[in-house]
Amino acid sequence: MGESSYCYKYPRPAVTTDCVLFGLEEGELSVLLIQRGREPYKGCWAFPGGFMEMDEDAEHGALRELREETGLEPMEIRQLGAYTGVDRDPRGRVITIAYYALVGKGEVRAADDAAAARWFPIGEIPPLAFDHDQILRDALQALRRDEPHLFNSLR
C-alpha cells in the first residue's frame, strides 16, 4: 500500500499566538509590549507573539515567541481565548490564540522581529496593532476575575 495524502478543497487559516504579560511593581500594573519591526504595522506596538511552528502546540508557541522577542520565560501562562475575526490581520486569514500571565516586572530586551520591548503602565497604553486592544480588554477582565485582591492594592 502506497503513501496517501489528503487534499482538501477548503482554504486553511494560519495560526498565531499572542502573550499578554502583566507586570506588577510598587502597586503599579503594567503590560509588556513589543514594537513591531516588520510589516504589517511596522513601528506599532503589539503583544509578543507570532506564527506557530508545525511541531508545537499553542502554549509552547506562545512561550517560544515570548522568549525570542523579549527574553522573558514565565513559569506559567493561562489561555485567554481564540480571536477569529475575519479581517483581524491584513496578511490574510489568521487566527490567534491569546495567553496571559501576571509576572514580576523583569528586564526585557527586544530581539527577533521586535524592534523594541518595554513595559507600559496600564493607563499609558499606546494604540495597538491588529485587534490587540480587544485582547487587552479581555485579559484585564480575566486578571480581575482571577486576581481580585490585586485590584484593591493598585494605585
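Model, not experiment: these values are computed from the prediction.

The final tally for this structure, using the stated rule, is two aromatic pairs. The interplanar angle of 65 degrees and the centroid separation of 4.8 Å between the aromatic rings of Tyr41 and Phe130 together place this pair among those described as edge-to-face. Remark: Phe130 occurs in the loop between β7 (114–121) and α2 (132–146) and Tyr41 occurs in the loop between β2 (28–36) and β3 (45–46); sequence separation between them is 89 residues. Judged by relative accessible area, which is 15%, Phe130 ranks as buried. Ring centres of Trp45 and Phe120 lie 4.9 Å apart, and the angle between their planes is 75 degrees; this geometry places the pair in the edge-to-face category. Of the two residues, Trp45 is situated in strand β3 and Phe120 in strand β7; the sequence distance between them amounts to 75 residues.

Let us now look at the pattern of salt bridges. Enumeration over the complete set of coordinates arrives at eleven salt bridges. Where Arg78 meets Asp146, a salt bridge forms, and the shortest distance between an N and an O atom there is 2.9 Å. You can see Arg78 sitting in strand β5 (residues 78–83) and its partner Asp146 sitting in helix α2, a full 68 residues away along the chain. Shared partners join several salt bridges into a network, and the residues in it are Glu53, Glu56, Arg64, Glu65 and Glu68.

Another aspect to go through is a nonpolar patch on the surface. Nonpolar side chains collect at one region of the surface, where Tyr6, Tyr8 and Tyr10 lie side by side and expose about 470 Å² of accessible area between them. As for its placement among the helices and strands, Tyr8 is situated in the segment before β1 (14–25). Here Tyr8 falls in the exposed class, since its relative accessible area comes to 54%.

What follows concerns the side chain of Glu69. Within the secondary structure, Glu69 sits in helix α1 (residues 58–70). One buried charged side chain, Glu69, makes no salt bridge at all; its nearest oppositely charged neighbour is Arg36, positioned 6.1 Å away.

What follows concerns α2. Compared with the 21 Å implied by 1.5 Å per residue over 15 residues, the 20 Å span of α2 between its first and last C-alpha is a close match. Buried within α2 are the following residues: His132, Ile135, Leu136, Ala139, Leu140, Ala142 and Leu143. Buried positions in α2, seen along its axis, are confined to an arc of 165 degrees and lie on one side of it. Facing away from the buried side of α2 by more than 90 degrees, the exposed set consists of Gln141 and Arg145. As for α2, its buried residues are in contact with β1, β2, β3, β5, β6 (94–104) and α3 (148–152).

Attention now goes to the nonpolar core. Most often, soluble globular proteins keep nonpolar side chains buried together rather than apart. Val20, Phe22, Val31, Leu33, Phe47 and Leu136 are the most contacted members of the largest nonpolar core, which has 19 residues in total. Every element with two or more residues in this core is listed here: β1, β2, β6 and α2. Of all the elements, α2 adds the most residues to this core, at six residues. In contact with Val31, other than residues within four places in its own chain, are Val20, Leu21, Phe22, Phe47, Arg118, Trp119, Phe120, Ile122, Ile125 and Leu136. Counting 17 residues, the second largest nonpolar core, distinct from the first, contains Ala58, Leu66, Ala114 and Trp119.

Taken together, the side chains of Glu25, Glu26, Glu28 and Glu124 present a region of like negative charge at the surface. Here Glu124 is to be found in the loop between β7 and α2.

Reading guide: rules and limits
- Residues numbered from 1 in each chain as written.
- Predicted model: local features only at pLDDT ≥ 70, side-chain atom pairs only at ≥ 80, totals over all residues.
- Heavy atoms only, no water.
- Phe/Tyr/Trp six-rings, centres within 6.5 Å; stacked < 30°, edge-to-face > 60°.
- Helix = DSSP H or I, 4+ residues; strand = E, 2+ residues; numbered from the N terminus.
- Buried < 20%, exposed > 50% of the residue type's maximum accessible area, 1.4 Å probe, protein only.
- Salt bridge = Lys/Arg side-chain N within 4 Å of Asp/Glu carboxyl O.
- Patch = residues over 30% accessible without salt bridge, like charges linked within 9 Å, V, L, I, M, F, W, Y side chains within 5 Å.
- Areas by Shrake-Rupley, 256 points an atom, 1.4 Å probe, with all protein chains shown as cover.
- Lys, Arg positive; Asp, Glu negative; His and termini not counted.
- Expected span 1.5 Å × (residues − 1).
- Arc of directions from axis to C-beta.
- Contact = heavy atoms within 4.5 Å.
- Core = buried A, V, L, I, M, F, W, Y, C linked by side-chain atoms within 4.5 Å.
- Charge placed at Lys NZ, Arg CZ, Asp CG, Glu CD.

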